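Chains, contacts and geometry: an overview
The lines below spell out each chain.
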Amino acid sequence: MRTLRFGMKISGKRRPLPLMSLQEIRLGGAYTYANVPLGFWLQEVFDLSRNPYDKIGHFMQGFVPARIAREILLRGSYVADRVVG
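Residues numbered from 1 in each chain as written. Predicted model: local features only at pLDDT ≥ 70, side-chain atom pairs only at ≥ 80, totals over all residues. Heavy atoms only, no water.

Concerning the confidence of the model for the protein chain
Where we set the bar: On a scale of 0 to 100, pLDDT captures the predictor's confidence in every residue. Per the convention used, a helix needs a DSSP run of H or I reaching at least four residues, while a strand needs a run of E reaching at least two, with both numbered from the N terminus.
For the protein chain, the average pLDDT comes to 83, and 85% of its residues sit at 70 or higher. Of all secondary-structure elements in the protein chain, the lowest mean pLDDT belongs to strand β1 (residues 2-3), at 55, while helix α2 (residues 37-45) reaches the highest, 94.

In structure tokens:
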């Protein structure tokens, strides 16, 4: 496990998430989200009417920080890990 600056360790499952998010942002910034080649490939494979890469970008920009924040809150004992229902 890799240790963060303040002593908390990141689990192995979540370690690649920030790098994947960074790569997604870099690609979107280089091409603009509507013109990313991966999006055109997805558009062709799934027979979509438009390039879906911006949806991938929005998902990553919400999912990755939420998962990392959850891990920090749970491991720091700020909240309890229980399901309400």
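Once the structure has been displayed, the description carries forward.
Remarks on α2
The following threshold applies: The rule is simple: take the accessible area with a 1.4 Å probe, protein chains only, and divide by the maximum for that residue type; under 20% is buried, over 50% is exposed, in between is partly exposed. Throughout, the arc means the angular range of directions from the helix axis out to the C-beta atoms. The contact definition used throughout considers only heavy atoms, calling two residues in contact when any of these lie within 4.5 Å.
Buried within α2 are the following residues: Gly-39, Leu-42 and Gln-43. Angularly, the buried residues of α2 cover 100 degrees about the axis, an arc narrow enough to put them on a single face. When the buried face of α2 is taken as reference, the exposed residues oriented beyond 90 degrees from it are Trp-41 and Glu-44. Taken together, the buried residues of α2 touch α3 (53-75). Residue Asp-47 follows α2 closely and has a positive phi angle near 55 degrees.

Let's talk about the packing of helix α1 (residues 17-31) against α3
Quick reminder of the rule: Angles run from 0 to 180 degrees between N-to-C directions of axes, and those axes are lines fitted to C-alpha atoms, restricted for helices to the stretch in contact. With respect to orientation, any angle under 35 degrees is reported as roughly parallel, any angle over 145 as roughly antiparallel, any angle of 65 to 115 as roughly perpendicular, and every other angle as oblique. In this scheme the crossing of two helices becomes right-handed for a clockwise turn of the near helix relative to the far one and left-handed for an anticlockwise turn of less than a right angle. In this count, Pro and Cys sit with the nonpolar residues alongside Ala, Val, Leu, Ile, Met, Phe, Trp and Tyr, while Asp, Glu, Lys and Arg are called charged and the others, Gly among them, polar.
Axis separation between α1 and α3 bottoms out at 10 Å; the angle between their running directions is 150 degrees. For the element pair α1 / α3, the angle class is roughly antiparallel. The hand of the α1/α3 crossing is left-handed. From α1, Leu-17, Pro-18, Met-20, Ser-21, Glu-24, Ile-25, Leu-27 and Gly-28 reach across to α3, where they touch Tyr-53, Gly-57, Met-60, Gln-61, Phe-63, Val-64, Arg-67 and Ile-68. Broken down by class, the residue content of the contact of α1 with α3 amounts to 10 nonpolar, 4 polar and 2 charged.

Quick look at the packing of aromatic side chains
We describe a pair of aromatic rings using the distance from one ring centre to the other and the angle between the two ring planes. Here is the rule we go by: Classification of ring pairs rests on two measures: the distance between centres of Phe, Tyr or Trp rings, Trp counted by its six-membered ring, which must be within 6.5 Å, and the angle between planes, read as stacked under 30 degrees, edge-to-face over 60 and tilted in between.
Within the structure shown, the criterion is met by 2 aromatic pairs. When the ring of Tyr-33 is compared with that of Tyr-53, the centres are 5.9 Å apart and the planes differ by 25 degrees; the resulting orientation is stacked. Of this pair, Tyr-33 sits in the loop between α1 and α2 while Tyr-53 is found in helix α3, placing the two residues 20 residues apart along the sequence. When its relative accessible area of 23% is taken as the criterion, Tyr-33 is described as partly exposed. Note on Tyr-53: relative accessible area 4%, which makes it buried.

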